Structure formats: C-alpha cells, structure tokens
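# Architecture at a glance
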Amino acid sequence: MSSLRCIAKHPTISLVDSSTSLRELKQIHTQLLANGLLNDPLLLGQFVAAIALNNPSNLDYSNQVLDRCENPNVFTLNSIIRAHSKSSTPQRSFHFYNKIQSAAHLSPDNYTFTFLVRTCAQLLARETGPSVHADLMKHGFEHDPHVQSGLIYMYAELGCLDSCHRVFAGVSKPDLVCQTAMVSACAKSGDVVFARELFDKMPQRDPIAWNAMISGYAQCGQSREALNLFYLMQLEGVKVNEASMVSVLSACTHLGALDQGKWAHAYVERNKLRMTVTLGTALIDMYAKCGNMNKAMEVFWGLKERNVYTWSSAMNGLAMNGAGEKCLEIFSLMKQDGVQPNEVTFVSVLRACSVVGLVEEGHEHFESMRKVYGLEPQLEHYGCIVDLYGRAGRLYEALNFIDNMPMKPHAGAWGALLNACRIYRNTELGELASRKLVELEAKNHGAYVLLSNIYADSKNWDSVSNVRRIMKSKGVKKLPGCSVIEVDGEVHEFFVGDKSHLRYGEIEAMLGEISRRLKLSGYVANTNPVLFDIEEEEKEDALCKHSEKVAIAFGLITLREGVPIRIVKNLRVCWDCHDVTKMISKIFNREIIVRDRNRFHHFKDGECSCKGYW
DNA sequence: ATAGGGTTAG
C-alpha cells in the first residue's frame, strides 16, 4: 500500500484502491480529464500507478489511460514501469522504456533502471538483462546504489554469480543493503561458504541481513546451519520477524523435525508475530511434510487469507499423505473461492487422482489445464498421467501416452512407467522403460535398481547379475541412504551402514531383537538376490543396514510407548524395508510414519497407508 | 513525486 502514501494528496485519486471497479475507475478518469487534471504529469503518474499497483488486473486500463496522454514525463513512465515490474506481465515494462528512449525530450533516469533491472530479474531475461545493464552504464548510472543492488539481485536470479561478483567488486563502499544482496546472491547460487564469510565480515547486520543468511542456508539444504544461525540471531538479541520464521520453518520442513517445527509455531504465537499468508503457508507445509496433516489443516482453516501457495501446499500435503479425495475436495473449494490454480496446483490434483485411482477424472483435469485455465502442461504433468495409468495397471495406455507426448519424454515419464512395471511385474515393458531411462540418465541408479528388482521377481538371476555388472562398469553409484529421526527436539541422522552414533551399541542390540521377533512371527529375511538392491557388501546383513531400520530401532529405544516414530528418508523406501516396517508396526504395536522422497507411509497394525503403491 | 537487500507450494 506504499503507493497510497503519495497519492493521498489528491482526494479523488486517493479513493482508488484494490476494490475500485473498472467502471468506477472510468468515472474517475472522465472526471479528472474534464477538470484538466491529467495534464499534470504528477497527477497522471499517481493515477496510473494507483490503478496498476492496487490491482494488477487493472494494468490494461492504466495502459490505456497512459496511451491517451500526450506527453507523459519520466516520472509517469517510471511509475508504470514499476507497476509492470511487480505484475505478472513484467515484459510490458519494455514498451514504456522504449517510449522513454524514443522521445527526444525524455531520457531514462536511475529510477527507470532500478525498476527495469527488477523486470529483467522477474523475467529471467538472460539476454535482455545484460543489455539493460549496458544501457544503464551508457547513461552513467552504474554507481547508483539502488541500481547496483538491483543488478546483484538480477544476476543472482539469472544464475550468473560471476556477474554478481563483478558488480559487487565495482561498488566502492558497499552499504548494508548491497552487502545483504550479495550474501543472498551467493547463498542462492550455491556458494554459501562465501556468503557466510561476507556475512561475518559485515560491520553491522540488521534483521534482513540475518534473514538473508538464514534463508540462504535453508534454501541450499543446510537446514541445521539455518537453525543454528537462528539461535545465534536470538542470542545476539536481533529482532526476529515473520520472514525469519518462514526460513526457520522451511528448515524444519526439510529435516522433518516436527518438534522443532512445533516450537517455531509456538514462538510465532508467543512473540505475536503476524500470521501472514506466507508464514501460514510455511506452517502448513511444515506440518504436512512432518506427517501431521490434521494440524496442517487446522492452520489452513485458521488463516484469514489464502493464496495459490496456501491452497497448493495443503493440497500437496493431502496428496502426499494419501488423502486423495480430500485433496480433490480442497481443490473444488479453492476454485469456489476464486483462487486461480496454477501448474503447481495441478501436480497435486493429478497425484491425488493417481492415489485414488481416478484415471478418467485425472485425464479430464489434465485436459482442463489448457482448455479452462490456459496453463500449458509441463513435463511433470505428463509424468503424472503416466503414473495415473501405470498405477491403475493400464501399462500399455501409459506407454501409448508417452509415445504421444508433444515433447521428448523425460526420465520422470519413463521412471513412472518403470515403477508401474515393477508393481505389476511386467518384465518386457520394464526393460524398455529402464533402457530409455538409462539412455536419458546414464547414472540413474534408480533405473538399474528397479530393473534388477523386476528380473529378480521373475527369478531371472542371470539378468540380475548382468544389471549389476553394467552398473559397475559405468560407475553408477547409489546415493547413500540417509534417515533422520527427531528425539526430544534433537535431530539424529543415520547413513547406510553408519555406526558412528553414540548409542550404536544399544541400537545394534535393538536391531537384533527386531530380527529375532520378526523371525518368531514367521518373517523370512529376504536374502535372495531380490535384495540385490545393489547396495554392494550389505546383502548378508541387509536387514540391519538400511538407514531407516537403524533409525526405527533408535526410535524404539528412545521414544516412549505410544509415541509414533517419525522418519524422514532421502530415498524411496525399498521393498524389504517396507515389509519389515509393516511388521514392526504390528509386533511392537507402534505407529511408524516414514516420509520418503516422494510420499508418506503411515504404518500401523501391520499395514501401510500406501497399500503397496509408491 | 517513483527506488535497492530477507519470506511460501511441484
């Protein structure tokens, strides 16, 4: 609402806000024209900016207003460039930039370039961005602090860290804002170590600087570092705000650290931070991805405002947790509420259909993307449809769909088919899919593992060892599995075969007990080559080595009876672990919730919520 | 008279 500050000076223009209808705008326009007020470039600029900024859907109209003006000045045009740079159609900024350039009596100023650089960042304009940079240098604005920090932001968005460094090196005395922009740029581009060095060297740091560094850690996956820095921020008595908490929550989400996430939620309430849409959405995402979907929905319904992120987060959580019908219900409510779904929303819609097995409905939603919402389906959506057919056992329709994709099928599409082939034990199609997958991603260990499982299922041991040989010769390595469990607010990480935990002795004893009790109840350890889940030297002892089993054992030792064991795993759960976990949930009478890289498994009484499909 | 850095979903 900052635009209202300057506008309030004129009584009529000050009336314009987001609720002003187009008809009312036209009346005001006529009135202003009749009084000759729009000949005043100041008022015109304010009017145009008010229309556009307070309601982006009015941009068209503000353009018309401007077009009817005979000689807009730079202020007026800057206002509209600014409005466009923040809108969903930033490219239209250039129309007005060109106007400035082509008018003999006009010349762009430092404001123009500040906004235009923003536009380029929004557009990820790889070519135009640098050319705007060249333009502003021609006009001699490269030493303007606003322009400089804007350029650093832009190059970070464009993924040109080198250019960020060049701009930054050219700043004689970088101020707080510029330094923060650079910290953020480096962290976003993956050089978080350098970002931290810069951050540590800053002579003074305000909350935004801290937030930049914390979110830098959170965004590059260094969640524990993000949390550590947040604690440091509190120790130093820096004022924590909503944005800080959003990053903290995002770190908790990635760790699957429900206790810490709950603590962060309580912190927000205790400190009376504003429950903004962004913060609310981060909370929903945290609860959903830490396996507490009820709490996620409680937060969801408690919010005053929900945007497309909010709805999509809730829907994604429901789909991930296997609540497909509920996800589709929320989707209907979202539409009733007048919030436009986007591509991300549709990923959840299609996954929900897939989970429920609603093949036709899923296909209709897919079609509606283009027809009803003007959204072009992306690779992910095609992958979802393959999965939709595949899970329903309609493997050849899945294949047919892949064959008719308008673009080259990606690894995700073949991967979805391969997974379906594993579930439905179709060796022939599985071979085809994995061959394609390997063509696309020669080092995709998942393709080999799934293919090997398919061969093993059909007792084709020669082919199993063949797959293993190929993997070896190509140097395909499996990403080390890692499972995380939180106990008393402390996050414990277990890697495959990792015995470094302080209490490993107890864990080993518990693994032994699990194994004994499993055998007693008739479980036969799967030591045949099915378990060639290509983890090399682990076969003989596979039962005890997969990271989730170690984490579950640790949970059984440390968590009180009746407390669910929550595990976050970086890979998909393997077949055997899935079986074993089902049995543990029954034998030890313990609810076990595993978040793998795709979805949730809620194990209870010997059953899993995924019903064997994942 | 219009500026610059931090925050959410696949």
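Remember, it's a predicted structure, so these values are computed and weren't measured experimentally. Residue indices begin from 1 for each chain and proceed along its sequence in written order. To label them, take the chains in the order written and letter them from A, then take the ligands in the order written and number them from 1. Under the rules for a predicted model, residues below a pLDDT of 70 receive no local features and side-chain atom pairs below 80 are neither given nor counted, while totals for whole chains, interfaces and linings still include all residues. Side-chain figures throughout are based on the complete set of non-hydrogen atoms in the structure, without hydrogens or water.

Our next topic: the overall build of chain A. A run of H or I in DSSP becomes a helix once it reaches four residues, and a run of E becomes a strand once it reaches two; helices and strands are each numbered from the N terminus. Of regular secondary structure, chain A possesses 32 helices and six strands. Radius of gyration here uses only the C-alpha atoms, and the compact-globule reference equals 2.2 Å multiplied by the residue count raised to the power 0.38. The globule rule puts the C-alpha radius of gyration for 614 residues at 25 Å, and the 28 Å found for chain A is close to it. The cut-offs for exposure are 20% and 50% of the maximum accessible area for each residue type, with area from a 1.4 Å probe on protein chains only; residues under the lower value are buried, those over the upper are exposed, and the others partly exposed. Of all 614 residues assigned to chain A, the portion counted as buried reaches 53%. Here the analysis covers contacts within chain A between residues at least 6 apart in sequence; of these, 62% occur between residues at least 24 apart. As presented, chain A carries roughly 28700 Å² of accessible surface, and 51% of it is formed by carbon and sulfur atoms. Asp and Glu count as negative and Lys and Arg as positive, but His and the ends of the chain are not part of the count. Here the site of a charge means NZ on Lys, CZ on Arg, CG on Asp, or CD on Glu. With 68 positive and 68 negative side-chain charges, chain A shows a spacing of 1 Å between the two charge centroids. Here, two residues are considered to be in contact whenever any of their heavy atoms come within 4.5 Å of each other. Every accessible area reported is derived by Shrake-Rupley at a probe size of 1.4 Å, with residue values counting cover from the shown protein chains alone.

Counting 160 residues, the largest nonpolar core has Phe47, Ile152, Met245 and Leu417 as the members making the most contacts within it. At eight residues, the largest contribution of residues to this core is made by helix α25 (residues 411–423). Apart from the residues lying within four places of it in its own chain, the contact partners of Phe47 are Ile13, Val16, Leu25, Ile28, His29, Leu32, Leu38 and Val65. Note on terminology: a nonpolar core comprises buried Ala, Val, Leu, Ile, Met, Phe, Trp, Tyr and Cys residues joined through side-chain atoms within 4.5 Å. Grouped together as the second largest cluster of nonpolar side chains are 31 residues, Tyr504, Ile552, Phe554 and Ile567 included.

Before going further, it helps to spend a moment on helix α20 (residues 324–336). Multiplying one less than the number of residues by 1.5 Å gives the expected span of a helix. Between the first and last C-alpha of α20 there are 19 Å, a value that for 13 residues agrees with the 18 Å anticipated at 1.5 Å per step. Listed as buried for α20 are Gly324, Cys327, Leu328, Ile330, Phe331 and Met334. For α20, the angular spread of buried residues about the axis comes to 160°, placing them on one side. Of the exposed residues in α20, the ones pointing more than 90 degrees away from its buried face are Glu325 and Gln336. Looking at the residues trailing α20, positive phi occurs at Gly338, about 80°. This arc is taken over the directions from the axis of the helix to the C-beta atoms.

This part covers the packing of aromatic side chains. Here is the rule: rings of Phe, Tyr and Trp (six-membered ring for Trp) pair when centre to centre is within 6.5 Å. Planes less than 30 degrees apart are stacked, more than 60 are edge-to-face, and the remainder are tilted. Evaluation of the coordinates by the stated rule reveals 17 aromatic pairs. Ring geometry for Phe346 and Tyr373: centres 5.5 Å apart, planes at 55°, overall tilted. Taken together, the residues span a long stretch of sequence, with Phe346 in helix α21 (residues 343–356) and Tyr373 in the loop between α22 (359–371) and α23 (379–391) at a distance of 27 residues. Consider the ring centre and the ring normal. A charge sits over the ring if Lys NZ or Arg CZ is within 6 Å of that centre and within 35 degrees of that normal. One cation-aromatic arrangement involves Arg306 over Phe300; the distance from NZ or CZ to the ring centre is 4.9 Å. We note Arg517 situated over the ring of Phe588; from NZ or CZ to the ring centre the distance is 4.2 Å.

Take the UniProt feature "repeat: PPR" (unreviewed entry) in chain A next. UniProt positions are given in the numbering used here, feature names are shortened, and annotations may be inferred rather than shown by experiment. UniProt annotation of "repeat: PPR" (unreviewed entry) refers to residues 175–205, 206–240 and 307–341 when read in the numbering used here. Along residues 206–240, the helical share is 74% and the strand share 0%, with 10 Å between the first and last C-alpha atoms. Annotation note: span residues 307–341, helix share 74%, strand share 0%, distance between end C-alpha atoms 10 Å.

Turning our attention to unusual backbone geometry. With phi around 50°, Arg425 is a residue other than glycine that occupies positive phi space. Backbone geometry at Asp488 places phi at a positive 50°, although glycine is not the residue there. The residue Asp488 is located in the loop between β1 (482–487) and β2 (490–495) in this model. Here Asp488 falls in the exposed class, since its relative accessible area comes to 75%.

Moving on to the layout of surface pockets. Over the atoms rolls a probe the size of a water molecule, and its path tells where empty space is left. For cavity detection a 1 Å grid was placed over the protein atoms alone, and a set of points counts as a cavity when a 1.4 Å probe fits there but cannot get out; an open set counts as a pocket when protein lies on both sides within 12 Å along at least five of seven lines, with lining residues being those that have an atom within 4 Å of a point. Grid points are joined across faces, edges and corners, and a volume is the space filled by probe spheres set on the points. Computed from the structure, the largest pocket encloses a volume of approximately 1300 Å³. Surrounding the largest pocket, 49 residues form its lining, Gly415, Asn419, Arg572, Arg597 and Asn598 being those nearest its centre. Elements supplying a minimum of two residues to the lining of the largest pocket: α19 (308–320), α21, α23, α25, α27 (445–457) and α31 (547–558). Looking at which element gives the most residues to the lining of the largest pocket, the answer is α23, with seven residues. Each residue receives one of three labels: charged for Asp, Glu, Lys and Arg, nonpolar for Ala, Val, Leu, Ile, Met, Phe, Trp, Tyr, Cys and Pro, and polar for the others, Gly being one of them. Its residues assigned to classes, the lining of the largest pocket comprises 19 nonpolar, 16 polar and 14 charged. There is about 970 Å³ of room inside the second largest pocket. Residue lining of the second largest pocket: 34 residues in total, with Arg118, Ser149, Gly150, Tyr153 and Val177 positioned closest to the centre. Within the residue set of the lining of the second largest pocket, elements represented by two or more residues are α5 (74–85), α7 (110–123), α9 (145–157), α11 (176–188), α13 (207–219) and α15 (242–255).

Next up on the list: the environment of Gly170. In this structure, Gly170 sits in the loop between α10 (161–169) and α11. Considering only alpha carbons, one finds Gly170 and Ile593, 423 residues apart in sequence, at a separation of 52 Å. Gly170 has contacts with His143 and Gln148, leaving out every residue within four places of it along the chain.

On to the protein's contact with DNA strand B, then. Any residue with at least one heavy atom within 4 Å of a molecule or strand is counted as near it. Around DNA strand B, 49 residues are found, and the nearest of them are Phe75, Arg118, Asn211, Asn241 and Gln378. Close to the protein, within 4 Å, the atoms of DNA strand B belong to sugar or phosphate groups at a rate of 37%. Here a polar contact is taken to be a pair of N or O atoms separated by no more than 3.5 Å, where protein atoms must pair a possible hydrogen donor with a possible acceptor and residues adjacent in sequence count only if both atoms sit in side chains. Between DNA strand B and Asn78 there is a distance of 3.2 Å, counted from a base oxygen to a side-chain nitrogen or oxygen. Residues that form the surface near DNA strand B fall into these classes: 17 nonpolar, 20 polar and 12 charged.

Our next topic: the pattern of salt bridges. The salt bridge criterion pairs a side-chain nitrogen of Lys or Arg with a carboxyl oxygen of Asp or Glu, the two atoms within 4 Å. Per the stated rule, a full pass over the model turns up 15 salt bridges. Residue Asp285 is joined to Lys289 by a salt bridge in which the shortest nitrogen-to-oxygen separation is 2.8 Å. Note that Asp285 and Lys289 are positioned in helix α17 (residues 277–289) at a spacing of four residues, about one turn of the helix. Exposure remark for Asp285: the relative accessible area of 18% places this residue in the buried category. The exposure class of Lys289 is partly exposed, given its relative accessible area of 23%. In this structure, Lys295 engages Glu298 in a salt bridge whose closest nitrogen and oxygen atoms are separated by 3.1 Å. Here Lys295 and its partner Glu298 are both found in helix α18 (residues 293–302), three residues apart, which amounts to about one turn of the helix. For Glu298, a relative accessible area of 52% gives the class exposed.

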